[in-house]
Each structure stands twice: as structure tokens, then as C-alpha cells.
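Here is how the chains run, residue by residue.
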Amino acid sequence: MNTIILLWSFAVFLASVLSSSIVAITLKPKYNKKITALSWAGFAVLGFLAAWLSYSFNLYNDLFGILGLSLLVCAAAQLLYQESSSAKLFVGLMASLIANVGTFMFCGTTDTFLGAALHLFTDTPYTVKNIQLFITIKLVVYTVFFLLYYFFLRQHVRNIIETLQGKMTSYLAAPAVSVVGFYIINLISNSSGIVPGSPYFFPLYLTVCVIFVLEYVQIFSSVFWSATAMKNAAELNVASNIQHDMLPCIFPAFPERQEFDIYATMNPAKEVGGDFYDFFLVDDDHLVLVMADVSGKGVPAALFMVIAKTLLKNAAQTGQSPKEVLEKVNNQLCENNEAEMFVTVWLGIYEISTGKLTAANAGHEYPAIKRADGSFELYKDPHGFVLAGIENSRYREYSLEIHDGDTLFVYTDGVAEATDASNTLYGTERMLKALNASQSNSPEGLLKDVKADIDRFVGKALQFDDITMLAIQRRKNAK
């Protein structure tokens, strides 16, 4: 048996050992350690025999040395691990690509320089001493590559697979082409006499390896950022669901109460928003109404919204007046407010039996009220400072009588400040016009009509701010 062929087959086979090791530490095995190890041993024997047979026919043909052994590694990954087929194929191809880059960029070029320096090259580079040197270099380089992958890349690949939920089909083409490309270039170079010892060997393989390394960096970056985007989208979706679930969203809200009808909506400008509304009974005769707008947008505003909403509800449920609620919550929000966020709030307590509404305004929009025999008009209530702005701020209360058939409408600035493509504001005048144009006799229909009018006005322009509205109507003959 030819010693050179055996040694060269083993040298080439080491690349598949590195590839399989990367696969093994990245994916989750289907079977126990013993079965997995025995299965890998079977693939190893098969791979070595395939390489030996290939080199027995042609020492310069790396079909199984590059392409064949890569396919065996990918096949083993498919059979022995749990992840999706595309994820396992991606990891198999990636591992093969790493092994090939390590082989040609570091092993082959180092072998060339050391072989020339130690006068190991004679008429052919395929001598026992030269191959032994090559194997030694490979063992060192592959150990370094394995450790670098283990400590710096493995967890990122796992995170990508998890975030993409194994759906990696669109990322398979580039590493597959890279592996095949290595085989083709190696085949052409060998048949052209560009082998270790040739003056063209180093510049050719250095250029090729740099190209493939850059390509791989691009592949990984693309996958990483796509995975990160999907993860962020998933987290925002969860945050949006949590925020949505915190707002009263089941209507009719109080089907057993015939004295009033209430409806509210919130349309965030982003996946999560800073606006919020709330309404809840503190006893059988008092209904608390809240409309608020947190500064900023996105996740920070949503987090501040959760805190503000919780504090307002807790304070209101103790039976305090609107003024007292706002003053207490303002001081609570001022504590440790390093982000310097704030929230505008309109808060009213509606006495169901009499129709009396006691309210206070912390820098929020004016409410609008429609009398049963009239039209919607802004009620220019006294404003206090925003919550979380200045500690110990004071707020003023006022009272409104809500008679049978009257409707109260409160909203955030996203309504009046909705903007069309030419940067024209919707404005309160259009809002009042839309309110009065509505033919609906219910708060739900009223809010839907206003939102439809806003959408017509805005057209295809992007929504700039959250749009939140609430309407409550005192039913006629309420008792």
C-alpha cells in the first residue's frame, strides 16, 4: 500500500474532522453520546476510505478531499442532530468552509514556506516528509481554528438558528457555492501544476482564501443582522401584545350598566406606543377615565406608560380626587426619572348616578363635549404641568355636568397632529368637523368615523404619532 497516498488521504481527511467537530459542538444531538460517537466513527471510516480510493486513482484530484468529505459531514449532520434540515445544512457547509479556508490560507501557504526553507521539496511536493510536515501544520492550525470557533462564534451561530427558528434556506446558496468553488479552483490549479512549491501557489490561494473569507463574513453578517431584526421584531411583538392586553379592550365594557356607553381605541405609530387610556369602576357609582400620552415612542415610552398607568390606577382606586391622584403620581414619577421622560394626563371621575364629572388636566389636550341638542366643542379646561416634570406640582380640578344624551370625547395629540404627505396637520378644527359629521349614535361608531376621516386626510403618509381616543355617552333616561 502506497505510504504517500495513505498519508495524503489522512491529511485531507483531517479537514472533515475539523468540520464534524464544529458541527458536533453547535447542534443538538438526536441520540445519546454513545450512539452519536459510534455514528461519527462510521462516517469517519467511510470518509477516509472514499478519500483513499480517490487518491489511489489520481493524487491530484480533490473530489472527495474537498467536495466529497464536505457532503459526508452535511449528511451526518442531517442524520444525527435535531435542528431543521436547512439549519443543519447551513452549519455543515459553514464548518466545511471554515476547514477549507484554514487548509488553503494557513496550512498550504505555511507548508510552502517551511518546505522551501527546510529543503523538503524535490521534484514533487508529495513526499513523505513534506506530507508529514503538512499534517503537523494542519493539526496546529485546526486546533487554533476550533478554539476560535468554540469561544467566539459558536454561540452566535446557535443564537441565529434559534432566532430564525431554523428557517435558513435563503442563506444556503453562498456557503454551498464557496465549498464547490474551492474544489473547482483546487482542481484547476493542480492540473495546471500550481501546487505547493510553485511560485504561483501562494498568491493564488491567498487571493482565493481572502475572497472566500470576505464572502463568509458577508454571509454571517447578513444572517446575524437578519436574525437580530427578527428577534427584535419578535420582542416588539411580545411588547405590543403585553401593552395591548393592559388596555381595556373588551367592548361593551360594562354590559350590565345601562346608564352610559363607553368606547376607546389606541393605534400606535410603532409596534409599541406611549399613549394609553384606561377606565375602571372604583365603586358602583364612580367611573375613572384616563387619557395619557408619554413623551417619546417605542419601547422606552411603552415601559414608562406601564409604570404611569399602574400608578394612576392604584392612586385612583384609593378614592382620592383627580387633583390628589395627579399630585401623588407626579411625585412618584419624578423619583429616579433619569431618562427625563414625562407624561401628559387627563383624568376624570364620573359620578354615574348624577352625571357629574370631576377632572384635572396635567398638560394634556382639551377635551371635547357634545350636548344632546348641540355639537362638539372644545372645553378649555385649566391645565397643570406634565407629570414627572417638576416635583410637588399642583393641579386644579373642575366639574362638568354630563346630561342625558351628552357625549364626552378625549384624545391624544396624535389626532390633531396627524400629518399628510405635504406636512399639513389634521388639526382640532378638522377633528371637531369629523366629530360633528358623524351620524353614529354610539361612542364606538363615533371613534371609527373620526379615525376613518384621519386616514383619508393622511393618505399614504406615515403615521407620525400614536392615535388614541375615548368617548363616553350618558344614555337618555339614565338612572
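The preceding data block contains the structure.
A brief structural summary. (Residues numbered from 1 in each chain as written. Predicted model: local features only at pLDDT ≥ 70, side-chain atom pairs only at ≥ 80, totals over all residues. Heavy atoms only, no water.)

## Side note on the overall build of the protein
On a plain count of helices and strands, the protein comes out with 13 helices and eleven strands. In the protein, which comprises 479 residues, the proportion classed as buried is 51%. Here the contacts in the protein between residues at least 6 apart in sequence split such that 76% fall between residues at least 24 apart. Accessible surface, the protein as shown: approximately 22800 Å² in total, 60% of it carbon and sulfur. (Helix = DSSP H or I, 4+ residues; strand = E, 2+ residues; numbered from the N terminus. Buried < 20%, exposed > 50% of the residue type's maximum accessible area, 1.4 Å probe, protein only. Contact = heavy atoms within 4.5 Å. Areas by Shrake-Rupley, 256 points an atom, 1.4 Å probe, with all protein chains shown as cover.)

## Re the packing of aromatic side chains
By the definition in use, this model includes 15 aromatic pairs. Each ring, one from Tyr150 and one from Phe151, has its centre 5.0 Å from the other, and the planes form 85°; the classification is edge-to-face. In this structure Phe151 comes out as exposed when scored by relative accessible area, which is 59%. In this structure an aromatic cluster arises from ring pairing among Phe251, Phe254, Phe260, Tyr263, Tyr277, Phe279 and Tyr350. The side chain of Arg154 reaches across the aromatic face of Tyr150, ending 4.1 Å from its centre. Its guanidinium or amino end placed over the ring of Phe280, Lys313 lies 5.2 Å from that ring's centre, counting from NZ or CZ. (Phe/Tyr/Trp six-rings, centres within 6.5 Å; stacked < 30°, edge-to-face > 60°. Lys NZ or Arg CZ within 6 Å of the ring centre and 35° of its normal.)

## Things to note about the packing of helix H1 (residues 3-26) against helix H5 (residues 128-152)
Running from N to C, H1 and H5 point in directions that differ by 5°, and their axes come no closer than 10 Å. Considered as vectors, H1 and H5 are oriented roughly parallel to each other. For the contact of H1 with H5, the class distribution of residues is 21 nonpolar, four polar and one charged. (Axes fitted to C-alpha atoms, helices over the stretch in contact; angles between N-to-C directions. Parallel < 35°, antiparallel > 145°, perpendicular 65-115°, else oblique. Nonpolar A, V, L, I, M, F, W, Y, C, P; charged D, E, K, R; others polar.)

## Some remarks on the side chain of Thr265
With respect to the helices and strands, the residue Thr265 is situated in strand E1 (residues 260-267). A relative accessible area of 19% means that Thr265 is categorised as buried. Excluding residues within four positions of it along the chain, Thr265 makes contact with Tyr277, Leu447, Ile467, Thr468 and Met469.

## Quick word on a nonpolar patch on the surface
A surface patch of nonpolar side chains, amounting to about 710 Å² of accessible area, comprises Val140, Val144, Leu147, Leu148, Tyr150, Phe151 and Phe152. Structurally, Phe152 is set in helix H5. For Phe152, a relative accessible area of 60% translates into the label exposed. (Patch = residues over 30% accessible without salt bridge, like charges linked within 9 Å, V, L, I, M, F, W, Y side chains within 5 Å. Salt bridge = Lys/Arg side-chain N within 4 Å of Asp/Glu carboxyl O.)

## Topic: the pattern of salt bridges
Scanning the entire structure with this criterion turns up eight salt bridges. Across the salt bridge formed by Lys451 and Asp455, the nearest N and O atoms sit 2.8 Å from each other. Remark: Asp455 and Lys451 occur in helix H13 (residues 443-458); sequence separation between them is four residues, near one turn of the helix. Owing to a relative accessible area of 18%, Lys451 belongs among the buried residues under this scheme.

## What about the pairing of E1?
Counted residue by residue, E1 has seven buried out of eight residues, so it is predominantly covered. Inspection of the sheet shows E1 paired to strand E11 (residues 467-474) by eight bridges, in the antiparallel sense. In the strand pairing of E11, Tyr263 is matched with Ala471. (Pairing = 2+ DSSP bridges.)

## Quick notes on the nonpolar core
Core analysis: the largest hydrophobic core is formed by 52 residues, its most contacted members being Phe276, Leu287, Leu312, Val343, Val345 and Leu387. At eight residues, helix H9 (residues 298-316) tops the list of elements feeding residues into this core. Once residues within four sequence positions are removed from consideration, Leu387 is found in contact with Leu312, Leu326, Val329, Asn330, Leu333, Phe342, Val343, Val345, Ala362 and Tyr395. Membership of the second largest hydrophobic core comes to 49 residues, among which are Leu80, Met94, Ile137 and Leu164. (Core = buried A, V, L, I, M, F, W, Y, C linked by side-chain atoms within 4.5 Å.)

## With respect to the side chain of Ser393
Structurally, Ser393 is set in the loop between strand E8 (383-384) and strand E9 (397-401). Owing to a relative accessible area of 10%, Ser393 belongs among the buried residues under this scheme. Polar contacts involving the side chain of Ser393 include one to the main-chain carbonyl oxygen of Ile390, which spans 2.7 Å. Not counting the four nearest positions on each side in its chain, Ser393 is found in contact with Glu327, Asn330 and Phe385. (Polar contact = N/O pair within 3.5 Å; in protein donor to acceptor, adjacent residues only side chain to side chain.)

## Here we look at unusual backbone geometry
The omega torsion across Phe251 and Pro252 is 0°, close enough to zero to call that bond cis. Phi at Asn336 is positive, roughly 55°, even though this residue is not glycine. Note on placement: Asn336 falls in the loop between helix H10 (322-334) and strand E4 (343-351). Exposure remark for Asn336: the relative accessible area of 74% places this residue in the exposed category. Even without being a glycine, Glu340 presents a positive backbone phi close to 55°.

## Topic: the pairing of E9
Side chains Tyr398 and Leu400 of E9 all project onto a buried face; the interleaved residues Glu397, Ser399 and Glu401 project onto a face where none is buried. For strand E5 (residues 356-362) and E9, the ladder comprises five bridges, and the chain directions are antiparallel. Along E9, the bridge assignment pairs Ala360 with Glu397.

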